[in-house]
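Residue-level structural notes
Residue strings, one per chain:
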Amino acid sequence: MSKKYVDDCIFCKINKGEIPSTTIYEDDDFKVMLDINPASKGHAVILPKNHAADLFELADDDAEKLFKVARKCAKAMMEVLHCDGINVLQNNGEAAGQTVFHLHVHLIPRYKGDTVNISWKPGTPEQDAAELAAKIKANIK
């Protein structure tokens, strides 16, 4: 089956080999490369080969395979890098911090005392949590 690419997408160009990358894993559906602007040593990015702007456009087949690839690569990274942990990070939409609109998942190795900052200020529990949960459940397809 042929892959769906978008001409002006930098990650599609990387997937097609038009732009070089330092690849750590590749199969028919995904490419995993080292990030050119890493948050920490060994920071990698998982790219589906089929273009999807975000999680909402990602094909079910690719969604099912994605965490298998993430797990496989993260395990190898832990072994080689001797890091203390790994953040698996994926943003959807500009408000969520997405800057390249081709779905991608970051694997960010974490080291004790590093300067990587992925955090938020904890809020208070939702007053209408049960009502909110019921509305969301009703819309899950």
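Here we summarise the structure given alongside this text. (Residues numbered from 1 in each chain as written. Predicted model: local features only at pLDDT ≥ 70, side-chain atom pairs only at ≥ 80, totals over all residues. Heavy atoms only, no water.)

1. As for the overall build of the chain
Broken down by element type, the chain carries three helices and five strands. Going from N to C terminus, the chain has its helices and strands arranged as α-β-β-β-α-β-β-α. By the burial criterion, 33% of the 141 residues in the chain qualify as buried. Between the mean site of the 18 positive side-chain charges and the mean site of the 21 negative ones, the chain shows a separation of 4 Å. (Helix = DSSP H or I, 4+ residues; strand = E, 2+ residues; numbered from the N terminus. Buried < 20%, exposed > 50% of the residue type's maximum accessible area, 1.4 Å probe, protein only. Lys, Arg positive; Asp, Glu negative; His and termini not counted. Charge placed at Lys NZ, Arg CZ, Asp CG, Glu CD.)

2. Section: the side chain of H102
Note that H102 resides in the loop between β4 (85-89) and β5 (105-110). Here the side chain of H102 touches H51 through a polar contact of 3.0 Å, side chain to side chain. The residues contacting H102, other than those within four sequence positions of it, are C9, F11, C12, N15, P48, N50, H51, A52 and A53. (Polar contact = N/O pair within 3.5 Å; in protein donor to acceptor, adjacent residues only side chain to side chain. Contact = heavy atoms within 4.5 Å.)

3. Side note on helix α2 (residues 60-81)
Between its terminal C-alpha atoms α2 stretches 32 Å, which fits the 32 Å expected from 22 residues at 1.5 Å a residue. Largest kink in α2: about 25°, centred on L66. Buried residues along α2 sit in contact with β1 (23-26), β2 (30-34), β3 (44-48), β4 and β5. Taken from the residues just after α2, H82 is the one with a positive phi, measuring 55°. (Expected span 1.5 Å × (residues − 1). Bend = angle between axes of the 7 residues up to and from the residue.)

4. Some points on the pairing of β5
The buried count for β5 comes to five of six residues, which makes it a mostly enclosed element. Taken together, the three bridges between β3 and β5 define a ladder with antiparallel strand orientation. Bridge pairing in β5 places V45 opposite H106. As paired strands, β4 and β5 are joined by five bridges and run antiparallel to one another. The residue bridging G85 from the neighbouring strand is R110, located in β5. (Pairing = 2+ DSSP bridges.)

5. Points about the pattern of salt bridges
Applying the stated criterion across every chain yields a total of seven salt bridges. A salt bridge links D29 to K65; the nearest nitrogen and oxygen atoms lie 2.8 Å apart. Taken together, the residues span a long stretch of sequence, with D29 in the loop between β1 and β2 and K65 in helix α2 at a distance of 36 residues. Note that D114 is salt-bridged to R110, the shortest N-O span being 2.9 Å. Residues joined by salt bridges that share partners form a network here, namely K3, D29 and K65. (Salt bridge = Lys/Arg side-chain N within 4 Å of Asp/Glu carboxyl O.)

6. What to know about the state of the cysteines
For the structure on display, the rule yields zero disulfides. Free cysteine C9: the closest other cysteine sulfur is in C12, separated by 3.7 Å. (Disulfide = S-S within 2.5 Å.)

7. Quick word on the sheet that holds β3
What links the strands of a sheet is backbone hydrogen bonding, and the strands pair in either a parallel or an antiparallel sense. Judged by pairing direction, the sheet is antiparallel, and its five strands sit side by side in the order β1-β2-β3-β5-β4 without closing on themselves. Both edges of this open sheet fall to β1 and β4, since each of them pairs with a single strand only. Averaged over all pairs of adjacent strands, the angle between their axes in this sheet comes to 20°, without regard to strand direction. As judged from the five bridges shared by β2 and β3, these two strands associate in the antiparallel manner. Looking at the pairing, F30 lines up with P48 of β3. Those strands touched by α2 are β1, β2, β3, β4 and β5, and its axis lies near 20° from that of β5. (Axes fitted to C-alpha atoms, helices over the stretch in contact; angles between N-to-C directions.)

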